[in-house]
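Each chain, written out:
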Amino acid sequence: MTDPIRIPDDLKPVDGRFGSGPSKVRPEGVEALARVATTFLGTSHRQKTVKDEVARLRRGIGEFFGLPDGYEVIISNGGTSAFWETATFGLIREKAQFAEFGEFGAKFVKAVTDAPFLADPTVHKAPGGGAAYLRAEAGVDTYASVQNETSTGVAVPVKRVTGADPGALLLTDATSGGGSLDVDLTETDVYYLAPQKAFGSDGGLWIALMSPAAIDRAYKIKESGRYIPQFLDLVTAIEQSRLEQTYNTPALATVFLAAEQVDWMNAQGGLAWAAKRSAESAAAIYGWADRSAVATPFITDPALRSNAVATIDFADGVDAAAIAKVLRANGIVDTEPYRKLGRNQLRVALYPTVDPADVEALTRCIDFVVDRL
Ligand SMILES: *Cc1c(COP(=O)(O)O)cnc(C)c1O
């Protein structure tokens, strides 16, 4: 047996968590949670103490994204996957169109395709590593795309579909892009995410920033008498959120950590600061890959390369899985690629929680490991 590769401590990042989700949670957030361990955790979510934290989270998210007039921050349980089902029942009137360019986009497509009360959606697809785009189509009442495809590391701008039918909605999956990438919310009707990515909290919630048109659509569909499972009823989520509550019990720690993180990000300078910090991390890792003899950015078109999640391919003869394994043994975790993409690759989260200096350190650790494999 060969000796295990030991990365010197002075080469290592301060924090070794580079996962795309769940992602790094700031120790300061966990310490703040510990300080309310006996006054907040284990207390009723129908009482003021918890409702104040839900309110802090909703207010903080609104401030962070510069919530346009009439838009509302809606929160419920089940993470983004539950939001897809909620939108299938409560936002799509009849026919949707999707831009699908990775695993996460594909999951929403499947939910809608399986719904017997909706028409088959139109789906524009691009292979892994590329981007697909929405196009105006008569009869489509809901368009849906992903801002950042976490499985491949492709990011696209959030933009309304020119020429769409009047009243058509745009839904943007911002689960991993939201908080790392710039956005103008007036360009979409629903910008939805979950707090275990850029918002450095834990999973289990979905957060949707909804336009007045989207809220109106939810009420109209509910009034139409369509069968909607109670847990997935968007109107219930809207009305509960307005009361600073969720329909059923939320994970109180997730709510608190997310509120704490949003306040921290707002104090640093909000979305402008966050997007700049992710861009710095992106410049560090893509710059390194461009200079490296063995690594190259997987996304060949620089305009599509994500500042939220970087995917880096390795040359034949350099086993990315072996690199990830050595990194993990040295406390640097979750650089493995999205499994189903099936590439000789590492994937690195560049969320604002991650320090750009740690991304630089990671590149030095990878070089160190490659030299010794
Ligand atoms: C992580 C992720 C999801 C899934 O989120 P869950 O909260 O686990 O359901 C959906 N879409 C994108 C783009 C993601 O990155």
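Keep in mind the model is a prediction, meaning the values are calculated, not measured. (Residues numbered from 1 in each chain as written. Predicted model: local features only at pLDDT ≥ 70, side-chain atom pairs only at ≥ 80, totals over all residues. Heavy atoms only, no water.)

Here's the deal with the pattern of salt bridges
For step 1, the next point in the chain: Summed over all chains, the structure comprises 21 salt bridges.
For step 2, the next point in the chain: With its nearest N and O atoms 2.9 Å apart, the salt bridge here joins arginine 160 to aspartate 189. Separated by 29 residues along the polypeptide, arginine 160 in the loop between β6 (154-155) and β7 (169-173) and aspartate 189 in the loop between β7 and β8 (190-193) bring together distant segments of the chain.
For step 3, the next point in the chain: The exposure class assigned to arginine 160 is partly exposed, which follows from its relative accessible area of 33%.
For step 4, the next point in the chain: Given the relative accessible area of 4%, aspartate 189 is considered buried.
For step 5, the next point in the chain: Here lysine 222 ties to aspartate 233 by a salt bridge, and the two come within 2.5 Å at their closest N and O atoms. Of this pair, lysine 222 sits in helix α5 (residues 212-223) while aspartate 233 sits in the loop between α5 and α6 (234-242); the two residues are 11 residues apart in sequence, bridging distant segments of the chain. (Salt bridge = Lys/Arg side-chain N within 4 Å of Asp/Glu carboxyl O. Helix = DSSP H or I, 4+ residues; strand = E, 2+ residues; numbered from the N terminus. Buried < 20%, exposed > 50% of the residue type's maximum accessible area, 1.4 Å probe, protein only.)

Topic: the domain arrangement of the chain
Interfaces are often sized by the amount of accessible area the parts lose when they come together.
For step 1, the next point in the chain: Along its sequence, the chain is carved into domain 1 (12-25 + 270-372) and domain 2 (29-267).
For step 2, the next point in the chain: Inter-centroid distance (C-alpha atoms) of domain 1 to domain 2 is 27 Å.
For step 3, the next point in the chain: Tallying the contact residues gives 31 residues for domain 1 and 35 residues for domain 2.
For step 4, the next point in the chain: Of the roughly 2,400 Å² buried between domain 1 and domain 2 on both sides combined, carbon and sulfur atoms contribute 62%.
For step 5, the next point in the chain: Its largest share of buried area at the contact with domain 2, domain 1 owes to Leu271, Leu304 and Tyr338, together 27% of the area lost on that side.
For step 6, the next point in the chain: Where domain 1 meets domain 2, there are 1 salt bridge.
For step 7, the next point in the chain: Note that glutamate 103 is salt-bridged to lysine 340, the shortest N-O span being 3.2 Å.
For step 8, the next point in the chain: Linking domain 1 to domain 2 there are 11 residue pairs in polar contact (both at pLDDT 80 or more).
For step 9, the next point in the chain: When residues of the side of domain 1 that touches domain 2 are traced back to their parent elements, those giving at least two are α8 (270-291) and β11 (309-314).
For step 10, the next point in the chain: Broken down by element, the side of domain 1 that touches domain 2 gets its largest block of residues, 7 residues, from α8. (Domains from an automatic or database assignment. Contact = heavy atoms within 4.5 Å. Buried area = accessible area lost by both parts, 1.4 Å probe. Polar contact = N/O pair within 3.5 Å; in protein donor to acceptor, adjacent residues only side chain to side chain.)

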